[in-house]
Protein chains: 2
Amino acid sequence: MNGAESLARTLLKSGVDTCFANPGTSELHFVSALDAAPGMHCVLTLFEGVATGCADGYGRLADKPAVTLMHCGPGLANGLANLHNARRACAPVVNIVGDQATYHRPLDSNLTADTEGWARPVSAWVRTSSAASGVGFDAAAAVQAARTAPGQIATLILPADTAWGEGGIVAEPQAAPPFPEAAPHTIRQIAQLLRSGEPAMLFLSRMALRARGLEAAYRIAEATGARLMAQQANSRIERGQGRVPIQCLPYAVPDAMAALAGIRHLILVGAQRPVAIFAYPNQPSHLTPPDATTHVLARLDQNPVHALESLADELGAPPAPPPHPGPVPGPASGALQAGAIAQTLAALMPEQTVVVDESVSFGRPFYPGTRFAPPHDWLQNTGSSIGMGLPVATGAAFAAPGRRVIALQADGSALYTVQALWTQAQARLDVTTLLLANRKYAILSSELANVGAQPGPVFQSLTDLRNPDLDWIKIANGMGVEAARACTCEQLADLLRHSLGRKGPFLIELLI
Amino acid sequence: MNGAESLARTLLKSGVDTCFANPGTSELHFVSALDAAPGMHCVLTLFEGVATGCADGYGRLADKPAVTLMHCGPGLANGLANLHNARRACAPVVNIVGDQATYHRPLDSNLTADTEGWARPVSAWVRTSSAASGVGFDAAAAVQAARTAPGQIATLILPADTAWGEGGIVAEPQAAPPFPEAAPHTIRQIAQLLRSGEPAMLFLSRMALRARGLEAAYRIAEATGARLMAQQANSRIERGQGRVPIQCLPYAVPDAMAALAGIRHLILVGAQRPVAIFAYPNQPSHLTPPDATTHVLARLDQNPVHALESLADELGAPPAPPPHPGPVPGPASGALQAGAIAQTLAALMPEQTVVVDESVSFGRPFYPGTRFAPPHDWLQNTGSSIGMGLPVATGAAFAAPGRRVIALQADGSALYTVQALWTQAQARLDVTTLLLANRKYAILSSELANVGAQPGPVFQSLTDLRNPDLDWIKIANGMGVEAARACTCEQLADLLRHSLGRKGPFLIELLI
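Residues numbered from 1 in each chain as written. Chains lettered and ligands numbered in written order. Predicted model: local features only at pLDDT ≥ 70, side-chain atom pairs only at ≥ 80, totals over all residues.

(A) Just the relation of the copies chain A and chain B, in detail. Each copy of the sequence occupies a distinct position, and chain A is placed on chain B by a rotation of 180° and an axial shift of 0.0 Å, giving an RMSD of 0.0 Å. Taken together, the rotation angle and the small translation identify this as a two-fold axis. Mapped onto chain B, 100% of the interface residues of chain A again fall at the interface, so both copies present the same surface. (Least-squares fit on C-alpha atoms with pLDDT ≥ 70 in both. Contact = placed C-beta atoms within 7 Å.)

(B) Spotlight on the interface of chain A and chain B. If you look at the interface, chain A gives 81 residues, while chain B gives 81 residues. A total of 8 residues in the side of chain A that touches chain B trace back to one element, the largest contributor, which is helix H4 (residues 72-89) of chain A. Its residues assigned to classes, the side of chain A that touches chain B comprises 46 nonpolar, 27 polar and 8 charged. (Helix = DSSP H or I, 4+ residues; strand = E, 2+ residues; numbered from the N terminus. Nonpolar A, V, L, I, M, F, W, Y, C, P; charged D, E, K, R; others polar.)

(C) How the structure looks around the domain arrangement of chain A. Residue and element names in this part refer to chain A. Split into domains, chain A comes out as domain 1 (3-164), domain 2 (184-314) and domain 3 (338-511). Computed over C-alpha atoms, the centres of domain 1 and domain 3 are 29 Å apart. Tallying the contact residues gives 25 residues for domain 1 and 25 residues for domain 3. A class-by-class count of the residues in the side of domain 1 that touches domain 3 yields 13 nonpolar, 8 polar and 4 charged. (Domains from an automatic or database assignment.)

(D) View of helix H1 (residues 3-13) of chain B. The buried fraction of H1(B) is high, at 9 of 11 residues. Those residues of H1(B) not exposed but buried are Gly3(B), Ala4(B), Glu5(B), Ser6(B), Leu7(B), Ala8(B), Arg9(B), Thr10(B) and Leu11(B). (Buried ≥ 20, exposed ≤ 12 C-beta atoms within 10 Å, placed from the backbone.)

(E) Structural detail: the pairing of strand S2 (residues 41-44) of chain B. Both strand S1 (residues 18-21) of chain B and S2(B) contribute to a ladder of 4 bridges, which runs parallel. The residue of S2(B) that forms the bridge with Phe20(B) is Val43(B). (Pairing = 2+ DSSP bridges.)

(F) How the structure looks around the environment of Ala396(B). Residues and elements named next belong to chain B. Counting through the fold element by element, Ala 396 comes out in helix H14 (residues 389-399). Taking the C-alpha atoms as reference points, Ala 396 and Ala 317, 79 residues apart in sequence, are found 35 Å from one another. Those residues within four positions of Ala 396 in sequence are excluded, and the remaining contacts are Gly 57, Tyr 58, Arg 60, Leu 61, Val 354, Val 356, Leu 379 and Val 405.

(G) Spotlight on the sheet that holds strand S4 (residues 93-99) of chain A. Residue and element names in this part refer to chain A. Spatially, 6 strands are ordered S2-S1-S3-S4-S6-S5 in an open sheet, and the strand pairing comes out parallel. A strand with exactly one partner marks an edge of an open sheet, and here the two such strands are strand S2 (41-44) and strand S5 (125-128). On average, each strand axis in the sheet is inclined to that of its neighbour by 20°, with strand direction left out of account. In this sheet, strand S3 (residues 66-71) lies alongside strand S1 (residues 18-21) in parallel orientation, the contact comprising 3 bridges. Its bridge partner being in S3, Cys 19 is matched across the sheet by Val 67. (Axes fitted to C-alpha atoms, helices over the stretch in contact; angles between N-to-C directions.)

(H) A look at the pairing of strand S16 (residues 482-486) of chain B. All names here are of chain B. Taken together, the 5 bridges between S16 and strand S17 (residues 506-511) define a ladder with parallel strand orientation. Of the residues in S17, the one forming a bridge with Ala 484 is Ile 508. Taken together, S16, helix H20 (residues 489-500) and S17 form a β-α-β motif whose crossover is right-handed. (Right-handed = clockwise from strand over helix to strand, strands pointing away.)

This is the structure:
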């Protein structure tokens, strides 16, 4: 057995069965091994940024890693931006990066690059296999690293000769270490603090935003008056009818500060301290009030659900059914305002929809405006690197067959990884994309004011996606995805019903 | 004056006047500065891989750097693959990467990444500005580094507060150091060796492949019987009618070894030792015959044109007019075979065309098949990272207004940076793309055999771009570029004539 086959069999034995791949020469033995060791669901993506974004979406939905397959340093480089987002989402991902043979690398052929150097900033775990006999063990360790809570990026670099060399050994799966729990005295301290009655907020992210974590948080909130809030961008929020509603911290600094105003105690639950994504002149970087104290209930590497449930129990907080948000309004009519789009979406989305939100500035009302919708999952851009929406939606669809995926997708961001549409078409995935065509990098207009810079002709020209207009119907059709255009909410509702009633992907271009 | 304005003015003063940009929040002060300090030709690209590929193409044609403008670590990451290619081309490029404010970076907001770490492997020079007062000097040093022969990548990282901070100083241009010359005794030694009459080859790359370098090389070849050969992939070859013809080292190992067979002395002229791009089991990595000796006339960082001219003079080699290649055959007819496409192209391309060749495996006959064409430049994929063709063609068109650019573009590679088409349309660039649609990653079929791996269903599925077919007419139209399909050489000729007779970009999809 060669190293490549030991890799394929070890991955399968470790429970990894989905591979988003964009292979080149140095990966062909691994591809061949996947033929020899069947069981891996292999998905071709036509750009590495699609592969890594797919793995992010898959990891967020499946709570286990998919594997990516990428070609040498530059192939990995193409996937880095979405690995940055995946890292911020704590999505479990195993990257396999084929590379030059160990003895060939020193010759510095033109496709030789610093693969390890590029992998390290996004990877919690990086290893370059040195011999075929070690590849199986390296693979088991990579899966273990990816599965280590709260979810990590593991990158295994596979020199071609370690793939084709004989002596491969299938390794036993390595269990991930248990998710560390918050110390009992921390639970008691936070409980005591909440009993004080001073204005407090639980600031949540990651697993705390699944239904179970939110239920425990809601018990605490009901029992103590503490407020709940989610980070600005989160890997996955379980929400909608019957779920605990939760607001996300607004993007704009003044709005975020207003949302946190009056808080005396900010309690982090698997979340980072709230800071602005960017610094702005004359605005603070820290968003919490100056007189607020920050406490940590659960660090990022501690189990937030256990911490919340322990805290609720410590407080003696009774079960608290989530409030009924009221009936779902019907689809909106008229112009494609953001609120009206959200209302239409909420009215029509099926239960268990997976919403992938890369709607950027236009779509800020989408999240609050869909709180009435049937139970669904909401996935956000956790790393602020654009181009995550279409790939994450694609990967989520592979992880959640039978569920509809709806991508709320800004046009400028969509173009970054537009190749994802082809993979959606090829696999006939149930992905409906609402392509929000405002034909500009709209967020930069407000950001220009925020940073205190002046607009002028250069600014206009560098944020304007017109002349020519991108025609998303043609682009989608060119990639094999059916598409249509909506200019009113009635048209949007008709097209949404059409798309949701059939298999396969569909793109609706909204001229906003 | 703030740091951003000192940056803009220093770049202009240093002779850098073209910027390929894809800005975000942290770059807005620089964008604003470009409005305040006019003179920079700013080009919006819709993906950073397009911006860096444009800068590569621009640098190869203009022999001076353009500047890219990218957004934080992940934005740079999107541009790395084409910077890898640019580095291998020795194209001069200045990257400006906006980043988190110095005081904001430690807070690790979600768009914080290891920008320097990602920049370093592709950059000969990396610096992160630390204060507004230093930005101008940093910019002058970046341009100097980029202009340092044979051409380098310089990356200047600009924390947002160094852009908006006051105290900016416009720096004086810094002259690039002189291009070092080969030592006289090296010239004499190589001359002596060539006089021996033993089979020798001058192995050329980079500036040695411009007309002047080739003319000197040809004098040497005519005087001594030495053979001439270019590296497998080169930044820019000046060729066609009236120019010295030169073969490129074949890609496939057996073909490359055959091309070098019988050589006793391989003389490197700004070229690297010929090695296979990948290792293959049971094939050598080094391509020169075992009994051949390798000599260095000019290192990569030495002036190859000076070395060739000095060597020709040392040998007393008389001027040698290049051989007449014979009349240009007319356009071919019938099926779209690679040789027939080349013949048609050679017959119809105007003088001073810039050909950008990312035709990968199908297009191997294109280069030899166009040796009869009018004088033109031929640009190749120097780093073997796919996705360079459309952006390099776009950047070359900006550098060479009035000249037609023809991109010979494989379909799988084209999709990597397809967003370049929009920039071509927006600027109405005279770029004609021959989109070679074989609907597969065809090179991997031969590579599979080369590495000794077995084909199977997984291999088939991971190299097949069908189901659905990519429709390049729709994709191009969707990006604003007119397009049409050719199934025969007659149709190709008609469409080529149509495209060459008008302004603006055009895409011809060749079903091959």
